[in-house]
Every structure is written in C-alpha cells, then in structure tokens.
Amino acid sequence: MGRFSFNYWIFDLDNTLYPPSSLVMKQVGQRIRSFIQQYLDVDMIIAARLQEEYKKKYGTSLRGLMLHHQISADEFLEYVHQVDLAALETNQELAYIIREIPGNKYIFTNSTIKHANNVLAKLDLNDCFDGIFDVRCAGYIPKPQDEAYQEFIRHYGIKAEEAIFFEDTAINLIPAAAFGMTTVLVAPESSRQNLIPYIHYHMSDVTDGLKQILNQG
Ligand SMILES: [Mg+2]
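In this text, all values refer to a predicted model and were calculated from it rather than measured experimentally. (Residues numbered from 1 in each chain as written. Predicted model: local features only at pLDDT ≥ 70, side-chain atom pairs only at ≥ 80, totals over all residues. Heavy atoms only, no water.)

1. Quick notes on the pairing of strand β2 (residues 104-108)
Put simply, the rule is: Exposure categories follow from relative accessible area, calculated using a 1.4 Å probe and restricted to protein chains: below 20% of the type maximum is buried, above 50% is exposed, and the middle band is partly exposed. Per the convention used, a helix needs a DSSP run of H or I reaching at least four residues, while a strand needs a run of E reaching at least two, with both numbered from the N terminus. The rule for pairing is simple: two strands pair if DSSP sees at least two bridges between them. When the strands point away from the viewer, a crossover counts as right-handed if the path from the first strand over the helix to the second runs clockwise.
Among the five residues that make up β2, four are buried, leaving the element largely enclosed by the rest of the structure. When strand β1 (residues 8-11) meets β2, the two strands line up parallel, connected through four bridges. For Phe11, the partnering residue across the bridge sits in β2 and is Ile107. On the question of chirality, the crossover connecting β2 to the parallel strand β3 (residues 131-133) by way of helix α6 (residues 113-123) is right-handed.

2. What to know about helix α5 (residues 92-100)
Count 3.6 residues to each turn of an α-helix, and residues three or four apart come out pointing the same way. How we decide: This arc describes the spread of directions from the helix axis toward the C-beta atoms. Residue contacts follow a heavy-atom distance rule, with two residues in contact if any of their heavy atoms lie within 4.5 Å.
Among the residues of α5, those classed as buried are Leu94, Ala95, Ile97 and Ile98. For α5, the angular spread of the buried residues around the axis is 165 degrees, confining them to a single face. Those residues of α5 that are exposed and angled more than 90 degrees off the buried face are Tyr96 and Glu100. Residues of α5 that are buried sit in contact with β2 and α9 (206-216).

3. With respect to the coordination of the magnesium ion
Keep this limit in mind: Sites may look incomplete, because water is not among the atoms used; the donor set itself consists of N, O and S atoms within 2.8 Å of the metal (3.2 Å for Na, K and Ca).
Each protein donor to the magnesium ion is listed here as Asp12 (OD), Asp14 (O) and Asp168 (OD); together their distances run 2.1 to 2.2 Å. For the magnesium ion, the donor residues sit on a single chain with the sequence spacing D-x1-D-x153-D. Taken together, the positions of Asp12 in the loop between β1 and α1 (24-40) and Asp168 in the loop between β4 (163-167) and α8 (173-178) put the pair 156 residues apart, joining distant regions of the chain. Each member of the pair, Asp12 together with Asp168, is buried.

4. So, the pairing of strand β5 (residues 182-186)
In terms of burial, β5 is largely enclosed, as five of its five residues are buried. Residues Thr182, Val184 and Val186 line one face of β5 and the alternating positions Thr183 and Leu185 line the opposite face, and both faces are buried. In terms of strand pairing, β4 meets β5 through four bridges, oriented parallel. Residue pairing across strands places Phe166 opposite Val184, the latter belonging to β5. The pairing of β5 with strand β6 (residues 201-203) spans three bridges and is classified as parallel. Counterpart to Val186 in the pairing with β6 is Met203.

5. With respect to the nonpolar core
Burial of nonpolar side chains together is a common tendency in soluble globular proteins. To keep it simple, the criterion reads: Take the buried Ala, Val, Leu, Ile, Met, Phe, Trp, Tyr and Cys residues and link them wherever side-chain atoms come within 4.5 Å; each set so joined is a nonpolar core. In this entry, domain limits derive from an automatic or database-based domain assignment.
If you look at the biggest cluster of nonpolar residues, it comprises 52 residues, and the most contacted ones within it are Trp9, Leu17, Phe166 and Leu210. Mapping this core onto the domain boundaries places at least three of its residues in each of domain 1 (2-19 + 90-216) and domain 2 (24-80). The next biggest cluster of nonpolar side chains, apart from the first, holds 22 residues, and it includes Tyr8, Tyr156, Ala170 and Ala187.

6. Describing the domain arrangement of the protein
Applicable threshold: In short, buried area is how much 1.4 Å probe accessible area vanishes from two parts on joining, totalled over both. One speaks of a salt bridge when a side-chain nitrogen belonging to Lys or Arg is within 4 Å of a carboxyl oxygen belonging to Asp or Glu. Think of it as three bins: nonpolar holds Ala, Val, Leu, Ile, Met, Phe, Trp, Tyr, Cys and Pro, charged holds Asp, Glu, Lys and Arg, and polar takes everything else, Gly as well.
As far as domains go, the protein holds domain 1 (2-19 + 90-216) and domain 2 (24-80). Listed by partner, the interface residues are 16 residues for domain 1 and 12 residues for domain 2. Carbon and sulfur atoms make up 60% of the area that domain 1 and domain 2 hide from each other, which totals about 1100 Å². Inspection of the domain 1/domain 2 interface yields two salt bridges. The residue Lys114 makes a salt bridge to Glu78 at a minimum N-O spacing of 2.8 Å. Looking at the side of domain 1 that touches domain 2 residue by residue, the class counts come to six nonpolar, six polar and four charged.

7. So, helix α3 (residues 61-69)
Turning to α3, its buried residues number three or more, namely Ser61, Leu62, Arg63, Gly64 and Leu65. Gln70 lies just past α3 and shows a positive phi near 50 degrees.

8. Topic: the packing of aromatic side chains
We count it as follows: The rule is short: rings of Phe, Tyr and Trp, with Trp giving its six-membered ring, pair when the centres are within 6.5 Å, and they are stacked under 30 degrees, edge-to-face over 60, tilted in between. Charge over a ring is defined by NZ of Lys or CZ of Arg lying within 6 Å of the ring centre and within 35 degrees of the ring normal.
Per the stated rule, a full pass over the model turns up 19 aromatic pairs. Measuring from centroid to centroid gives 5.9 Å for Phe6 and Trp9, while their planes differ by 90 degrees, and the two rings are edge-to-face. Each member of the pair Phe6 and Trp9 is classed as buried. An angle of 75 degrees between the planes, with centres 5.5 Å apart, marks the rings of Phe152 and Tyr156 as edge-to-face. Taken together, the positions of Phe152 and Tyr156, both in helix α7 (residues 146-156) and four residues apart, correspond to about one turn of that helix. Pairwise contacts between aromatic rings join Tyr106, Phe108, Phe133, Tyr149, Phe152, Tyr156, Phe165 and Phe179 into one cluster. Between the NZ or CZ atom of Lys143 and the centre of the ring of Phe108, over which it lies, the distance is 5.1 Å.

Written as structure tokens, this is what we have:
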C-alpha cells in the first residue's frame, strides 16, 4: 500500500460515506430549522439564520442552541435525525474495500451513534468499523472544535501521525491536519474552498477514491 499505509482510518459519516445527492442531510437541515422554530417560537427566517450562525460559529447548530438557549441536546438529536433513509443504497463495493483495509477503522461524526447505525445498516457497512465516536462522546462538543479531536484521539489511543481522515466538510480537516493526521476531502472539486494547506488529498467519491489510492501502492 506504500504511502497509503496507515494504522488508523477515520471516516466522517454523512455526505462522506454516501453522496450528498441522497438528500439525507437536506432533511436533517430542514428538521433543525423546524426544531428551532418550534422550540424558540420564531419564524422560519430567524430559525434559518440562527441555524447558520451557530453552525458557523460552533461547528453545529446544536452547540449554539445549548450555549444560548439551554435546549435539551438529546431531544434535539432525536428530533433532527428522524429522517427518511430510503434514498441510501447498499454499497457492497465500499464494504469490501473497507473490510480489506488493515488497521483500525472508526467513524467520527457530529451526529449520533443511533443515526450512524441506521445509516451504516442501509449502506451495508455496519460490520466495517471498530468504533463510532459521536457528538455525545465528546460531551456534545462537535468538530471542528479542537476538544472533539482531542477526546476522539484520547478515547481510542490514536497516533495522529499514523491516521488518515476522510471528511466532506473542509473546515473539519483543519484541526485534523493540525493534530498531525493526513487529510482527505471527500467532495466535489468546487467545495475545496481556500483551505488547500489542510487538505492533503481530494476525492469526489469515497468508493472510487479509496479504490484508486489502495491500488496505487
Ligand atoms: Mg459530513
């Protein structure tokens, strides 16, 4: 496997292990807005503004809602992940590739273990990973906050310089690279933004991309 020999393979979940075209995250986004609207008794425009503002400032809307509005994190997480996963397709090829990779494989997600298990079951990837680290595992502190990575690294005893991290959200790669991980942006070319120093590799699709790098040697 040459330069792609890593002991720790870390994957974000949503829009990384399946394409954004499934619209799963679009549904989550809508449910976040509707939660804010109902919980704070505001209109949809304000709800959308708060959602964006908090996500930008703290990494997730949830974190902002917790800090500024004392919402119930568990109620929020349960509500926003009640989504239709029908559009997710079994990905046998990806399951095979991940199972064949030597080393420890983890999911690192700002969602929940329950949502991750639902998604992985639909993709048929449920037996591919050694652990799922969700937003509760780091005390609701999400990526891209340093504390989330520190806790993730500590929890599994990961050596960051022996780790490779796959993620569709470019800013979440900044701390990963700073901690010493090799980073891979999984997203269309247009979303690379201006974070090139933190993005060591780029692939538009995780299955095709993994196939390529693992065959390169
Ligand atoms: Mg993602």
